[in-house]
Amino acid sequence: MSAPSLSPEERNTALTAEMISAAKQYAAAGIPVFPVGGNKVPLVSWSTEATKDPDQIEKWWRRWPTAMIGAPTGPRSGFVVLDVDQKNGIDGHSTLHTLGFSIPKDAVEVKTPSGGSHYYFGFWESGLKNSAGKIGSGIDLRAEGGMIILPPSRPTISGSDYHFAHAQNFGALSQIATPLPHWAYSTKATGTSYRPALPINTFGTGATTAYGQAALDREFERVSTAPAGTANNSLNVAAHAIGQLVAGGEISRTDANCLLEAASQRKMDDVEAAATFESGFRAGCNEPRSAPTSVTNGTAPIGGKMPRTGVARALADEARKTSPVIVPLPFSWIEEKHVTKRDWLYGKHLIRKFVSATVSAGGIGKSILVQTEALAMVSAKKILDVSVAQPPLRVWYINLEDPIDELNRRFVAIRKYFKLNDADVAGRLFVNSGRDTPITIAEKAGDKIIVSPHVVRQLVEGIQRNKIDVLIIDPFVASHRLPENDNTAIEIAIRTWSDIAERGNCAIELVHHARKQNGENLTAESARGGSAFAASCREVRVLNRMTENDAARLGAENHRSHFLASSEKQNMSASSDQQDWYEMKTVTLENSDDVGIVTRWVPPDMAIFASDQVLRSVQEKFEASSYRANPQSPDWGGYIVANELGIDVGQGMTRVNKTGPQKAALRQVQGVLGHWLKTGAITVVERANHKREMKKCYAVPKKSQS
């Protein structure tokens, strides 16, 4: 017996729920959306109102229950679309075949209700505009300033829908890496003003240099050995790199064609390979690059030698002409209400456009801590009791030491312990292992410090394309090949990461190792790289393992399973002495693997650890002499309490010079004194000092003496 058909009202309700769910998933993946009527007319001012706010999405679709989902194309969404129509006697696919154009096989395809196709490509070039029919009959380009209808929209309740042609989901549109084919934005085809800065055939008139030949060999290997399914993207990346060096005079135009031979070895389609090569190559030629030279000191520019070809020199001259003029700018006050708010993303540790750091000795738990924080940020949940930015953030975690299997193992354990689900991540977390994706932003060759513009560019493009809010590099030492005792080199490395944070509009966390301390507690200055590392980061926190004395004093069972996170350097606000205790716990997975995870740990009230014997001893000393109630006094009574408890509060040191554990111990002593004052075990009275000045001192009430 067949299931009963739904009534129109029931179909309407089901469609509304489906649209709201899909729209929210797009928004969570970083794609702004807006409602569109069945006639493809937007129902709001989409160019300014397209949003990623789930509450606004809910309101729109409650108002227009059957609305389709629209999204802007171009830089806001991160993709452009080739709209190949098939309606009213027009067949865009036949046009493509007639013109000899082909769609890359790895392009994301969405089928339209009319039988046509939408092909999605990564947005790479600013200035690429919409066009209608200029490539050919039935072929439109939706780019900057355009819009597109997203799956699973339906023009009518009972009609056909927009749907993915292959086994793809909403998240596929937030991770598009396939470049737009070259023929789609040639001047002849589109009629747009977009074109490379200079004709490509004017580049590469000289011979290939030794530096250029090494780059050719490297990129040839990249393409010829590309894993299945990645050949097209590898060819595009390689062609871009070679195009830069052709424009910079390092590689001849003829030699650059060897990449097509590599594509042939990979058995790529000749037409598709040629289009991909030309697209990447042209884009690269707009960014001339030549062999790098050294950075001699912290203020010297990072760059390469001047290009040798006439065209490249012309490009360099033009760049100088268009560079901003450096002049003093008069200061003028702005109203307080117009001052922009700092964009804190995770507590007071991570802030957009700045570099922060976590410093720790080995084996304490810094990697599992930042992995847990990554999940806290993408889920927007305070799983470690630290404030997290809303809405959920997009985080890119790059661990340059451990294999991807180990990273997955930890993330699964964290998810299990904190009871997270797939919706808590929803395409917002990106993870790379250095075993598969090594990253070296700078290295030292002889006395030269060389920063890799190619690596920096790829990182910035990855951040921008995926709308990353926070990038975590773990550990920092594996991201460069510089001597850590060279302050200038380390300063340049941190400055390079700062530049990436600025260009990518994200916060960057560098996880760093500490020097051996011979049992002493760590400070910001304990970081390997010394003062240069700490001075170049905006915020630095350090992790210190709990000592046996701390464990006894705080009531912790095992001091080795606890550590203290202390904010040791804050440039954005007054020092807050922010300190948080964490505890390592074990999670057993279904495969029987035991995995360490980290949780917040709050010590019990410290006053309960001050025994009656300690109290009586302190009372006797308070009765025998005058001990001040002022913590700033060298005769502060708290020092007597600290001595009785056997803890170090940094007596005689200024607050700024105290270590994190000393500051924590100081607060604990104050807690004990406060408890005793509250319970009447001690009191405060005025007594004359040796100068006959009346000062507040601790004393013992008469009832406590009896």
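Conventions adopted
- Residues numbered from 1 in each chain as written.
- Predicted model: local features only at pLDDT ≥ 70, side-chain atom pairs only at ≥ 80, totals over all residues.
- Heavy atoms only, no water.
- Helix = DSSP H or I, 4+ residues; strand = E, 2+ residues; numbered from the N terminus.
- Buried < 20%, exposed > 50% of the residue type's maximum accessible area, 1.4 Å probe, protein only.
- Contact = heavy atoms within 4.5 Å.
- Polar contact = N/O pair within 3.5 Å; in protein donor to acceptor, adjacent residues only side chain to side chain.
- Core = buried A, V, L, I, M, F, W, Y, C linked by side-chain atoms within 4.5 Å.
- Pairing = 2+ DSSP bridges.
- Phe/Tyr/Trp six-rings, centres within 6.5 Å; stacked < 30°, edge-to-face > 60°.
- Expected span 1.5 Å × (residues − 1).
- Axes fitted to C-alpha atoms, helices over the stretch in contact; angles between N-to-C directions.
- Left-handed = near helix turned anticlockwise from the far one by under 90°.
- Nonpolar A, V, L, I, M, F, W, Y, C, P; charged D, E, K, R; others polar.
- Arc of directions from axis to C-beta.

Draft legend 1. Geometry of the environment of Thr 51. Looking at the element boundaries, Thr 51 is found in the loop between helix H2 (46-49) and helix H3 (54-63). Relative accessible area serves as the criterion here: at 15%, Thr 51 is assigned to the buried category. Apart from the residues within four sequence positions on either side, Thr 51 is in contact with Ala 27, Ile 31, Pro 32, Val 33, Gln 56, Ile 57 and Trp 60. Polar contacts involving the side chain of Thr 51 include one to the main-chain amide nitrogen of Asp 53, which spans 2.9 Å.

Draft legend 2. Looking closely at the environment of Glu 620. Structurally, Glu 620 is set in helix H18 (residues 612-624). Accessibility expressed as a relative area gives 57% for Glu 620, which makes it exposed. It is 8.5 Å that separates the C-alpha atoms of Glu 620 and Val 700, two residues lying 80 residues apart in sequence.

Draft legend 3. Geometry of the nonpolar core. Within the largest apolar cluster, 43 residues are counted, with the highest numbers of intra-cluster contacts made by Leu 459, Trp 497, Ile 508, Leu 510 and Phe 533. The next biggest cluster of nonpolar side chains, apart from the first, holds 40 residues, and it includes Leu 350, Leu 369, Ile 383 and Phe 411.

Draft legend 4. Summary view of the sheet that holds strand S9 (residues 139-142). Read across the open sheet, the six strands follow the order S8-S9-S3-S7-S6-S11; overall the sheet is antiparallel. Among the strands making up the open sheet, the edge pair consists of strand S8 (131-136) and strand S11 (163-164). Examined bridge by bridge, strand S3 (residues 79-84) and S9 share four bridges and lie antiparallel to one another. Within S9, the residue paired with Val 81 across the bridge is Arg 142.

Draft legend 5. Quick peek at the packing of aromatic side chains. Inspection of the entire model under this criterion finds 12 aromatic pairs. For the pair Phe 79 and Tyr 120, a centre-to-centre distance of 5.0 Å together with 75° between the ring planes defines the contact as edge-to-face. One end of the pair, Phe 79, is in strand S3; the other, Tyr 120, is in strand S7 (residues 117-122), and 41 residues separate them in sequence. Here Phe 331 and Trp 333 contribute two aromatic rings whose centre-to-centre distance is 5.1 Å and whose plane-to-plane angle is 80°, an arrangement assigned as edge-to-face.

Draft legend 6. Inspection of the side chain of Asp 580 at higher detail. Note that Asp 580 resides in strand S24 (residues 579-588). A distance of 3.3 Å separates polar atoms of two side chains, one belonging to Asp 580 and the other to Arg 600. Look past the residues within four positions of Asp 580 in its chain and what remains in contact with it is Phe 563, Leu 564, Ala 565 and Arg 600.

Draft legend 7. Inspection of the pairing of strand S19 (residues 470-474) at higher detail. Counting buried positions over the five residues of S19 gives five, a clear majority of the element. Judged by which residues are buried, S19 turns out to be covered on both faces: Val 470, Ile 472 and Asp 474 on one side and Leu 471 and Ile 473 on the other are all buried. Pairing of strand S15 (residues 395-399) with S19, which is carried by five bridges, proceeds in the parallel orientation. Along S19, the bridge assignment pairs Ile 398 with Ile 473. Sheet topology places S19 next to strand S21 (residues 507-513); four bridges connect them, and they run parallel. Opposite Val 470, over in S21, you have Ala 507 as the bridge partner.

Draft legend 8. Representation of helix H7 (residues 231-247). Over its 17 residues, H7 extends 24 Å from the first C-alpha to the last, a length consistent with the 24 Å expected when each residue adds 1.5 Å. When you tally the buried positions in H7, you get 16 out of 17 residues, the bulk of the element. Immediately beyond the C-terminal end of H7, within one or two residues, lies Gly 249, with a positive phi of roughly 85°.

Draft legend 9. Inspection of the environment of Asn 39 at higher detail. Counting through the fold element by element, Asn 39 comes out in the loop between strand S1 (34-36) and H2. Separated by 116 residues in sequence, Asn 39 and Pro 155 have C-alpha atoms that sit 7.0 Å apart. Here Val 41 takes part through its backbone nitrogen, which lies 3.1 Å from a polar atom of the side chain of Asn 39.

Draft legend 10. Representation of the packing of H18 against helix H19 (residues 638-645) in the model. Two elements in contact, H18 and H19, have axes whose closest approach is 10 Å; the angle formed by their N-to-C orientations is 145°. When you trace H18 past H19, the crossing you get is right-handed. Residues Val 614, Ser 617, Val 618, Lys 621 and Phe 622 of H18 form the contact with H19, whose participating residues are Ile 640, Val 641, Glu 644 and Leu 645. Here the contact of H18 with H19 is built from residues that sort into six nonpolar, one polar and two charged.

Draft legend 11. The arrangement of unusual backbone geometry in detail. Put simply, Pro 151 and Pro 152 share a cis peptide bond, and its omega is 0°. Phi is positive for Asp 385, close to 60°, though the residue is something other than glycine. Here Asp 385 shows up in the loop between helix H12 (366-379) and S15. If you check the backbone angles, Ala 426 has positive phi at about 45° while not being a glycine. As for its position among the elements, Ala 426 is in the loop between helix H13 (404-418) and strand S16 (429-433).

Draft legend 12. Molecular detail of helix H4 (residues 92-99). Those residues of H4 that fall on the buried side of the exposure criterion are Gly 92, Thr 95 and Leu 96. Axial view of H4: buried residues confined to an arc of 100°, hence all on one face. Turned more than 90 degrees from where H4 packs its buried face, His 97 and Thr 98 sit exposed. Close packing links the buried residues of H4 with S3, strand S5 (90-91), S8 and S9. Regarding H4, its N-cap is Asp 91, as a side-chain oxygen of that residue lies 3.1 Å from the backbone nitrogen of His 93 further along. At the exit of H4 stands Gly 100, carrying a positive phi of roughly 80°.

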